[in-house]
Amino acid sequence: MTKQTVIDGLQYANWSEKIFRQMHEGGVGAVHVTICYHEDFRETVRNIETWNRYFETHPDLIRPAHTAEDVEAAVAEGRTAIIFGCQNASPIECDIGLVEICHQLGIRFMQLTYNNQSLLATGCYESEDTGVTRMGRQVILEMNRVGMVIDMSHSAEKSTLQAIEISERPIAITHANPSHWMPALRNKSDDVLKALGESGGMLGFSLYPHHLKDKSNCTIESFCEMIARTAELIGVGHIGFGSDLCQDQPDRVVTWMRNGTWTRDLDYGEGSAAAQGFPDQPEWFHGNTDFGNILNGLRDIGFGADEIDCIAQRNWLDFFRTSFGPASRD
């Protein structure tokens with residue numbers, strides 16, 4: 001049987017040749033990789049420099065991708081397309097002009113906030129959700145203009161609904177699950193998911209254990225049934241994978257992800273004082289070679305081959321095709 005190509009809407013692994021080879025083995029044709037959590041513009045550029053060295057060192061395994069055509073070419077070549085994204089708006093600092101510069105550097109996704117209130121919107125951990133800010137409205141429209149996707153994965157409810165309404169192009173929630181299945185602060189309500197689907201947006205299902213029902217003990221049957229229910233809610237054409245895989249990262253990295261440079265106190269995020277590090281992955285998904293387990297699970301609960309192909313790759317690819325270029329001038 002031909003290997004199914006998969007596009008993953010979000011990863012932040014401890015990148016290595018081992019992982020790049022696992023992507024190839026697992027049929028992963030493209031990955032949206034995080035190049036920024038809390039970094040400013042210059043620090044983000046330094047991270048892009050690191051990726052340029054990866055591309056030079058492993059040209060047989062990975063290549064940069066700025067367009068859907070780049071992704072298609074990578075798949076045809078047997079390589080994995082790497083798409084840059086930011087999990088915070090910190091690289092644009094206070095300068096809307098840096099949105100276009102970031103796009104020119106290859107960044108195709110940017111979250112308006114990472115858990116906290118930002119200059120642009122409210123994060124999902126804030127007690128009060130004041131919505132998208134004045135600057136946020138302007139940045140959304142600038143992102144629309146240049147072809148950078150608004151990502152609201154770590155944003156609060158009101159802010160996310162407002163972003164969907166303000167944006168003139170469909171947005172994405174690259175890595176989250178329905179909150180009715182697992183009531184984590186990071187997961188999304190049915191109202192948000194319905195608005196996302198109705199506006200033409202994309203949801204990437206997260207495999208990060210804090211976002212899963214029963215966490216590390218989540219069963220593949222439960223995960224696949226959740227996908228089926230979400231397809232019924234928002235349409236099978238608006239869903240894909242966004243694993244949030246942090247493979248081989250040391251626990252100090254998740255501490256930095258949660259705390260950045262914004263606090264002197266220790267913030268545990270979705271963890272706790274008793275469980276501060278990365279949680280264990282469910283036994284059926286440890287890395288890029290395990291997507292086949294999920295595809296088989298989808299087949300077992302009644303998804304057809306065409307629907308599985310949409311979820312695995314085609315929905316993301318179609319979204320890239322209409323999202324990564326400048327806005328049309330009709």
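Here, every reference points to the structure presented above.
In this text, all values refer to a predicted model and were calculated from it rather than measured experimentally.

### As for the nonpolar core
Then step 1. In this structure, Trp51, Phe223, Ile227, Ile294 and Leu298 are the most contacted members of the largest nonpolar core, which totals 76 residues.
Then step 2. Per-element tally for this core: the top contributor is helix α8 (residues 220-234), with eight residues.
Then step 3. Core analysis: the next-biggest nonpolar cluster, separate from the first, contains 17 residues, Ile83, Ala172, Leu317 and Phe320 among them.

### Some words on the pairing of strand β7 (residues 172-176)
Then step 1. With respect to burial, β7 is a largely interior element, five of its five residues being buried.
Then step 2. Both β7 and strand β8 (residues 202-205) contribute to a ladder of three bridges, which runs parallel. From the neighbouring strand, Ala176 faces β8, where its bridge partner is Phe205.

### A word on the packing of helix α3 (residues 68-77) against helix α11 (residues 305-323)
Then step 1. Close contact between α3 and α11 brings their axes to 8 Å; oriented N to C, the two are set at 140 degrees. By the angle class used here, α3 and α11 are oblique. Along its contact with α3, which presents Ala68, Glu69, Val71 and Glu72, the element α11 presents Leu317, Phe320 and Arg321.
Then step 2. The residue inventory of the contact of α3 with α11, partitioned by class, reads four nonpolar, no polar and three charged.

### Quick word on helix α7 (residues 190-198)
Then step 1. Buried residues of α7: Val192, Leu193, Ala195, Leu196 and Gly197, and no others.
Then step 2. The inward-facing, buried residues of α7 abut α6 (157-166), β7, β8 and α8.
Then step 3. Of the residues flanking the end of α7, it is Gly200, one or two places downstream, whose phi is positive at about 90 degrees.

### Some points on unusual backbone geometry
Then step 1. The backbone of Asn115 sits at a positive phi, close to 75 degrees, despite the residue not being glycine.
Then step 2. Turning to its location among the elements, Asn115 is positioned in the loop between β5 (107-111) and α5 (134-146).
Then step 3. Using a relative accessible area of 10% as the deciding quantity, one classes Asn115 as buried.
Then step 4. Located in the positive-phi region is Asp214, a residue other than glycine, with phi close to 70 degrees.
Then step 5. Summarising the element assignment, Asp214 is placed in the loop between β8 and α8.
Then step 6. What makes Asp214 exposed here is its relative accessible area of 51%.

### Examining the packing of aromatic side chains
Then step 1. With the rule as written, the count across this model stands at 22 aromatic pairs.
Then step 2. Between the aromatic rings of Phe109 and Phe320, the centroid separation amounts to 6.3 Å while the plane-to-plane angle is 80 degrees, which identifies the pairing as edge-to-face. Of this pair, Phe109 sits in strand β5 while Phe320 is found in helix α11, placing the two residues 211 residues apart along the sequence. As far as burial versus exposure is concerned, Phe109 and Phe320 are alike and both buried.

### Concerning the pattern of salt bridges
Then step 1. The final tally for this structure, using the stated rule, is 16 salt bridges.
Then step 2. As a salt-bridge pair, Asp60 and Arg21 come within 4.0 Å of each other at their nearest N and O atoms. Taken as a pair, Asp60 in the loop between α2 (41-57) and β3 (62-64) and Arg21 in helix α1 (residues 17-26) lie far apart in primary sequence, 39 residues in all.
Then step 3. With a shortest N-O distance of 3.0 Å, Arg229 and Glu232 are connected by a salt bridge. Taken together, the residues Arg229 and Glu232, both in helix α8 and three residues apart, mark about one turn of the helix.
Then step 4. Judged by relative accessible area, which is 58%, Glu232 ranks as exposed.

Calculation rules
- Residues numbered from 1 in each chain as written.
- Predicted model: local features only at pLDDT ≥ 70, side-chain atom pairs only at ≥ 80, totals over all residues.
- Heavy atoms only, no water.
- Core = buried A, V, L, I, M, F, W, Y, C linked by side-chain atoms within 4.5 Å.
- Buried < 20%, exposed > 50% of the residue type's maximum accessible area, 1.4 Å probe, protein only.
- Helix = DSSP H or I, 4+ residues; strand = E, 2+ residues; numbered from the N terminus.
- Pairing = 2+ DSSP bridges.
- Axes fitted to C-alpha atoms, helices over the stretch in contact; angles between N-to-C directions.
- Parallel < 35°, antiparallel > 145°, perpendicular 65-115°, else oblique.
- Contact = heavy atoms within 4.5 Å.
- Nonpolar A, V, L, I, M, F, W, Y, C, P; charged D, E, K, R; others polar.
- Phe/Tyr/Trp six-rings, centres within 6.5 Å; stacked < 30°, edge-to-face > 60°.
- Salt bridge = Lys/Arg side-chain N within 4 Å of Asp/Glu carboxyl O.

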